[in-house]
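In case you want the letters, here they are:
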Amino acid sequence: DAVEAGLLIHSVNPLNGETSVPDLAGGAVMPNGRFYLRNHFDIPNLGGDNYRLSIGGLVERPLKLSMRELHNLHAESQVVTLECAGNGRSLFDPAVPGEAWGLGAVSTAEWTGVRLMEVLERAGLRAGATELTFRGADSGVVDGHDAPVRFERGLSLDQIRETDALLAYEMNGETLSPPHGYPLRLIVPGWYAVASVKWLTEIVVTDQPCEAYYQAEKYWYHWVRNGHDERAQVKLMNVRALISSPEEGENLPRGDTAIRGVAWSGAGNISRVDVSLNGSPWREARLVGERRRSAWQRWELITRLEETGPLTVRVRATDMTGRTQPEHAEWNRLGYGNNSIHSVAARVI
Ligand SMILES: Nc1nc2c(c(=O)[nH]1)N[C@H]1C(S)=C(S)[C@@H](COP(=O)(O)O)O[C@H]1N2
Ligand SMILES: [Mo]
């Protein structure tokens, strides 16, 4: 199904595939079949009927919620962009280990579900509660561990309040599909998508930061600066723009043409997008469509191509906090957060 929908498949077990870059700017949201897929393990088979979300730990009333009970709570919808922290990894030089993503491990959907805070309020937080662990139903064997590990991630309560996280059961108006987390997943707006735990079965409220494998051992930037290692956790998505049109190698007729793409940032809305053609000074593109806090922004620049020959298109986004893109993102050992300026080579004929 994923191949038919036009996903570029990296592996079948686990199922990993990315959206093609020209497909990125189709609309405000990505059709579900073309939404990139990133799985660390086999897709768990959770029946909707006997599924329960358990909420325990430092709470007044431990809960076990069925999907029916979750559906009976107030529903919210949010358009949110998810980007894999490894998106663009294959472009790091020297090469780094890990899934060799091109630029299409990013997509946007309208997610519908229940606000995480609402469910936590129902459970009632006990004094001292500061951290949450989110457990997925999937597990498997990883390097350096004898026993299989679960897919688990943590967030502090402060981080949850800042992000307005959602427990989502629908994607673009359809029931979540098994590869995207059926029947329930976490959506953490603004964060790299590793935080958005799929097949969520358990939330544990604690006073201890999560030390799970995918929290403590992966998803850290390891920079080498002046011969020293520096580390920081992978959290909010870096500001980034991608060009969907023209596509790499495309022939464009002379005359008016539209340069198009998408831009997003985990830190705030996109404030401007600039385009440069064959090294010309940056020209501001028009931002198209609604501005949403945690969803990508489409952009467009109509320009006149007078001369035939090679055409290099570059694009650079800036967000409301003033963050912008570097020429080359800083290399790091596991290849996360690559937001180097995107450049496309086309030709005017
Ligand atoms: N339970 C679980 N949740 C998960 C993952 C996973 O392997 N297992 N992968 C994470 C990563 S790294 C990404 S990029 C996103 C991908 O979400 P998608 O497949 O719906 O695009 O899910 C995140 N949530
Ligand atoms: Mo990811």
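Note that the coordinates shown come from a computational prediction; the quantities given were computed from them, not determined experimentally.

Structural notes on the nonpolar core
Residues Ile55, Trp111, Phe134 and Leu186 are the most contacted members of the largest nonpolar core, which totals 75 residues. Residue contributions to this core reach at least three from each of two domains, namely domain 1 (8-218) and domain 2 (240-348).

Here we look at the site of ligand 1
Taken together, 18 residues form the shell around ligand 1, and within it Tyr36, Asp138, His180, Arg185 and Lys198 come nearest. Measuring from an oxygen atom of ligand 1, one finds a side-chain N or O atom of arginine 185 at 2.7 Å. Of the residues belonging to the shell around ligand 1, the class tally is ten nonpolar, four polar and four charged.

Some details on the sheet that holds strand E20 (residues 286-288)
Ordered in space as E15-E17-E21-E20, the four strands form an open sheet in which the pairing is antiparallel. Across the chains shown, the open sheet's two edge strands, defined by having one partner strand only, are strand E15 (240-245) and E20. Shown here is a sheet whose adjacent strand axes are inclined to one another by a mean of 35 degrees, direction ignored. In terms of strand pairing, strand E17 (residues 255-264) meets strand E21 (residues 297-305) through nine bridges, oriented antiparallel. The residue bridging isoleucine 259 from the neighbouring strand is leucine 301, located in E21.

Considering the domain arrangement of the protein
Domain annotation of the protein identifies domain 1 (8-218) and domain 2 (240-348). One C-alpha centre belongs to domain 1, the other to domain 2, and the line joining them spans 28 Å. The partner domain 2 presents 25 residues to the 31 residues of domain 1 that form the contact. Between domain 1 and domain 2 the total buried area reaches about 2400 Å² when both faces are included, carbon and sulfur atoms providing 61% of it. Ranking the residues of domain 1 by area buried against domain 2 places Val79, Phe92 and Leu103 at the top, with a combined share of 22%.

Side note on the sheet that holds strand E12 (residues 200-206)
Taken in spatial order, the five strands line up as E4-E3-E12-E7-E8 in an open sheet, and their pairing is mixed. Across the chains shown, the open sheet's two edge strands, defined by having one partner strand only, are strand E4 (63-65) and strand E8 (149-156). Each strand axis lies, on average, 20 degrees off the axis of its neighbour in the sheet, ignoring direction. Alignment of strand E7 (residues 131-140) against E12, held across six bridges, turns out to be antiparallel. Bridge pairing in E12 links glutamate 131 to threonine 206. Helix-sheet contacts for helix H2 (residues 116-123) involve strand E3 (53-57), E4, E7 and E12, and the interaxial angle to E4 is about 135 degrees.

Some thoughts on the pattern of salt bridges
Enumeration over the complete set of coordinates arrives at 20 salt bridges. One salt bridge connects arginine 304 with glutamate 306, and the closest N-O pair in it is separated by 3.7 Å. Note on glutamate 306: relative accessible area 52%, which makes it exposed. Among the charged side chains, a salt-bridge network with shared partners connects Arg135, Arg150, Glu152 and Glu202.

Describing the side chain of asparagine 87
By secondary structure assignment, the location of asparagine 87 is in the loop between strand E5 (76-83) and strand E6 (106-115). Relative accessible area serves as the criterion here: at 1%, asparagine 87 is assigned to the buried category. At 3.1 Å, the side chain of asparagine 87 forms a polar contact with the side chain of glutamate 83. Excluding residues within four positions of it along the chain, asparagine 87 makes contact with Trp101, Gly102, Leu103, Gly104, Ala105, Val106, Arg240 and Asn338.

Examining the side chain of glutamate 152
Mapped onto the elements of the fold, glutamate 152 is located in strand E8. According to the relative accessible area criterion, glutamate 152 is buried, its value standing at 15%. Within polar-contact distance, the side chain of glutamate 152 engages the side chain of arginine 135 at 2.8 Å. If near-sequence neighbours (up to four positions away) are discounted, glutamate 152 is found in contact with Thr133, Phe134, Arg135, Ala212, Tyr214 and Gln215.

A closer look at the pairing of E15
Most of E15 is tucked away: five of the six residues are buried. The pairing of E15 with E17 spans five bridges and is classified as antiparallel. Residue pairing across strands places isoleucine 243 opposite glycine 261, the latter belonging to E17.

Concerning the packing of aromatic side chains
Within this structure, the stated rule accounts for ten aromatic pairs. Taken together, a centroid distance of 5.6 Å and an interplanar angle of 15 degrees make the contact between phenylalanine 35 and tyrosine 36 stacked. Since its relative accessible area comes to 5%, tyrosine 36 is described here as buried. Here tyrosine 214 and tyrosine 219 contribute two aromatic rings whose centre-to-centre distance is 6.5 Å and whose plane-to-plane angle is 55 degrees, an arrangement assigned as tilted. Taking the relative accessible area as the measure of exposure, tyrosine 214 reaches 5% and is therefore buried. What links up through ring pairs into an aromatic cluster is the set Phe41, Phe151, Tyr213, Tyr214, Tyr219 and Tyr336. Across from the ring centre of tryptophan 223, 4.1 Å away, lies the NZ or CZ of arginine 225, which sits over that ring. Seen from the ring of tryptophan 220, arginine 231 lies directly overhead, with NZ or CZ sitting 3.9 Å from the centre.

Thresholds, definitions, all that
- Residues numbered from 1 in each chain as written.
- Chains lettered and ligands numbered in written order.
- Predicted model: local features only at pLDDT ≥ 70, side-chain atom pairs only at ≥ 80, totals over all residues.
- Heavy atoms only, no water.
- Core = buried A, V, L, I, M, F, W, Y, C linked by side-chain atoms within 4.5 Å.
- Buried < 20%, exposed > 50% of the residue type's maximum accessible area, 1.4 Å probe, protein only.
- Domains from an automatic or database assignment.
- Near = heavy atom within 4 Å.
- Polar contact = N/O pair within 3.5 Å; in protein donor to acceptor, adjacent residues only side chain to side chain.
- Nonpolar A, V, L, I, M, F, W, Y, C, P; charged D, E, K, R; others polar.
- Pairing = 2+ DSSP bridges.
- Helix = DSSP H or I, 4+ residues; strand = E, 2+ residues; numbered from the N terminus.
- Axes fitted to C-alpha atoms, helices over the stretch in contact; angles between N-to-C directions.
- Contact = heavy atoms within 4.5 Å.
- Buried area = accessible area lost by both parts, 1.4 Å probe.
- Salt bridge = Lys/Arg side-chain N within 4 Å of Asp/Glu carboxyl O.
- Phe/Tyr/Trp six-rings, centres within 6.5 Å; stacked < 30°, edge-to-face > 60°.
- Lys NZ or Arg CZ within 6 Å of the ring centre and 35° of its normal.

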